[in-house]
Amino acid sequence: MSDKRMTESLNPDDHAILLALAQVTAGGIEVPLPATADRARVREYVELLGLLPYGLEPATPSAEVKARILAAVGGRPNAAATPAEARPAEATPAEAAPQRNFDEVTFAGAIDSDPLDMTFRRVAPVSVATAGTEPGWQELPAAATPTAADPEPELPELESADADAVIAKFDWSEPPQPAAPEPVATAPEPAWQEPEPPQPAAPEPVAEPAWQEPEPLPLAAREPAPMESASAESEPQEPLPSNVVPIATATRPARGFGSWWTPALAAMLALCMVGLAYLAGKVNEQNATITRLNSELQGLPIEDLSSFYDEFSHMKRRFHMVTAVARHAYPMKTVQPLAPGAQTDGVVYVCGNHQRWYLNLQGLEPAPSGEEYSLWFVTDKGMIHGGVIEVGADASSEMEAQTLPQGTRGFAVTREQAGAPHEEPAGTMVLLAEDSIPL
Amino acid sequence: MDLHDSELTAASAPALDDVTLVRRVAARDQPALAELYDRFGSLLLALARRILNNEAEAEEILQEVFLQVWNQARRYDPRRSSVSTWLVLIARSRAIDRLRSRQVKDRTLSHLQQENRHPHTSPEGPGSVLMRQRRKRLRREMQELPDEQRQVLELAFFRGMTQSEIAASTGIPLGTVKTRTLLAMKKLRNALSTDLRELL
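The residue numbers shown here count from 1 along each chain, following its written sequence. Chains and ligands are labelled sequentially in the order written, the chains with letters from A and the ligands with numbers from 1. The model is predicted, so local features are restricted to residues of pLDDT at least 70 and side-chain atom pairs to those at 80 or more, both for listing and for counting; the totals for chains, interfaces and linings are taken over all residues. To obtain the side-chain values, all non-hydrogen atoms of the structure were included, while hydrogens and water were left out.

A separate point is the overall build of chain B. Put simply, DSSP marks the helices as runs of H or I at least four residues long and the strands as runs of E at least two long, and each gets a number from the N terminus on. Helix and strand content of chain B: 11 helices and zero strands. Going from N to C terminus, chain B has its helices and strands arranged as α-α-α-α-α-α-α-α-α-α-α. Throughout this description, buried means an accessible area under 20% of the type-specific maximum (1.4 Å probe, protein chains only), exposed means over 50%, and partly exposed covers the range between. Across the 200 residues of chain B, 52% fall into the buried class. Note on definitions: a residue-residue contact is assigned when non-hydrogen atoms from the two residues lie within 4.5 Å. Of all intrachain contacts in chain B linking residues separated by at least 6 positions in sequence, the fraction that spans at least 24 positions is 64%. Note that accessible areas follow from Shrake-Rupley with a 1.4 Å probe, and for residues the cover is restricted to the protein chains shown. Total accessible area on chain B is roughly 8900 Å²; 49% of this is exposed by carbon and sulfur atoms.

By nonpolar core is meant a set of buried Ala, Val, Leu, Ile, Met, Phe, Trp, Tyr and Cys residues that side-chain atoms within 4.5 Å join together. If you look at the biggest cluster of nonpolar residues, it comprises 81 residues, and the most contacted ones within it are A:Leu52, B:Leu36, B:Leu44, B:Val69 and B:Phe157. Considering each element in turn, this core owes the most residues, 13 residues, to helix H3 (residues 30-52) of chain B.

Where interface size is given, it is often the accessible area lost as the parts come together that is meant. Listed by partner, the interface residues are 74 residues for chain A and 88 residues for chain B. Both sides of the chain A and chain B interface together cover about 7600 Å² of buried area, and 66% of this is carbon and sulfur. Whenever Lys or Arg places a side-chain nitrogen within 4 Å of a carboxyl oxygen from Asp or Glu, that contact is recorded as a salt bridge. Between the two partners, chain A and chain B, sit three salt bridges. In protein, a polar contact requires one atom able to donate a hydrogen and another able to accept it; more generally it is a pair of N or O atoms within 3.5 Å, and residues adjacent in sequence count only if both atoms are side-chain atoms. Linking chain A with chain B are 16 residue pairs in polar contact (both at pLDDT 80 or more), by the criterion used here. Counting residues per element, the ones that place at least two in the side of chain A that touches chain B are helix H1 (3-8), helix H2 (12-26), helix H3 (39-51), helix H4 (63-74), helix H7 (302-322), strand S1 (328-334), strand S2 (345-350) and strand S8 (428-433) of chain A. Each of two parts loses accessible area, computed with a 1.4 Å probe, when they are put together; buried area is these two losses added.

Turning to the pairing of strand S3 (residues 357-362) of chain A, a few remarks are in order. Residues and elements named next belong to chain A. The buried fraction of S3 is high, at five of six residues. At least two bridges found by DSSP between two strands is the condition for calling them paired. Direction of pairing for S2 relative to S3: antiparallel, over a ladder of six bridges. The residue of S3 that forms the bridge with Tyr349 is Tyr358. Counted between consecutive antiparallel strands, the loop separating S2 from S3 contains six residues, among which His354 sits at a positive phi close to 55°.

Okay, the pattern of salt bridges next. It is possible for side chains bearing opposite charge to pair when their charged atoms get close. Residue and element names in this part refer to chain B. Applying the stated criterion to the full structure yields 24 salt bridges over all chains. Between Glu60 and Arg98 there is a salt bridge, with the nearest N and O atoms lying 3.1 Å from each other. One end of the pair, Glu60, is in helix H4 (residues 55-72); the other, Arg98, is in helix H5 (residues 83-102), and 38 residues separate them in sequence. A relative accessible area of 8% means that Arg98 is categorised as buried. Between Glu141 and Arg140 there is a salt bridge whose closest N-O contact spans 3.7 Å. For Arg140, a relative accessible area of 38% puts it in the partly exposed group.

Spelled out as structure tokens, the structure:
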């Protein structure tokens, strides 16, 4: 069939199909349609094309992709490791960055623009062929280094190899004065004695003796001299000169154990007392409530008590199930609203033995005439009918059973034709629970 | 009773429909974007992977799509399409642009011909019940299409080829290409009417 004849034989449906294909191929639904196009029909076929990916093999994206997306929209730096959404539709091959060849001879013109070369200085081009010539760079002149202009402080000469003797003669209140060298002492070290006070007169300049290597101390001389207490009774105390300030003997104040513990402990005790008083008040309130309820209970007629106990047993059984160990809750999520603005909530509790279950639905609008709600168990082998749901006057419904089909991993509520066979869901799915919450 | 009432209350709250979710994304709601990703991420990744035959590039496309969604969610118009179709077309457009930039149509065409000889037999994958049911129906209906009709449809959608390009690359007359495309689309429309009603 020629193209012209093909065009002439097209019906509105065919036009809509081709327009839908053209719109999708051109870039999407934002591509404007001709004024004469049947927009509703075109949209129907566009939606049909949108369904085609559902027939593909499922793919699970890595968690990193989601993390990168959320990081990118959250504005964190270095979020998107891959190019952002601003990639142009017609991707052009990215121009390769100019390669920097450090084997090149000259850097003239490149240094100023290349921050990596900030430490280098522009020099004239140098030929590589020139033997012994460095490439065209040289380091900046080094910073000024300390010269010998500042005289180093002179160290005091070691006058004697006898360290204690030197210390004994050293006056800490004045700069060290040069003294005449003393011979090496072979005898036992003299006892500790107070340093001699300095002479008030200005010392005469004395030529400093030449440095000489101190002789090693004999082993006996290295033993510490016995320390003698500087008590007033053992040796006479010489009056201190005027320029020597005695160090005041400070006494450390004794630390008491209860300096700050006591108020802290008292505060804690006070808080405890306040808390206990509050709890005591609450207990009294509860006792009063219990007393009042008991008195009310005793005044109830027997008939009401009977129905009350029946209802209580019923609630107790369900209470035990929803509070049993290792139970799961399957919250029902709305798939198709029953009515505009209607909100239906529901949850299915399943015991740890995966057998007993309890369904509670709230806000369930009555099914239209000729229809009914059906509960389905979503299993690995398909959906199994779980019963017809009766809607109470308060738009609520409850169901429970002691058994659950094997492999059940979800629950669904559909609206079916009343009396229709329950082989598989044929109506509209209104509620679905496929995620469980361990309680 | 030691039930966690707050958890149940939050968990049993009805799930937001897709349109409301996109509205929230337009309002810079990041959890809404995450929810949208959870719902459609696998579908879009499968589409990108199908077009590009490259897992890494497909994930890049997926990331670009959702960043575009984040920036352009306010432009979404529910009167024009469903959220699912909107996302699918964005992903398809980006993937095909990437594909064209690689200029590997001939290689993928031969790959497509090999695929046609082996229909999809992969088991059911993860996803919600609705997604699984829809996937089952799509797969069944696509397999029931004649090979020649399915081929032109896949070339048009997954390779972004125009009718003329399909005719040129397959050697099939242009009129025949159009006829097969129309027949395939009408068959699918009739078979997937329930799914279309949910989207329209």
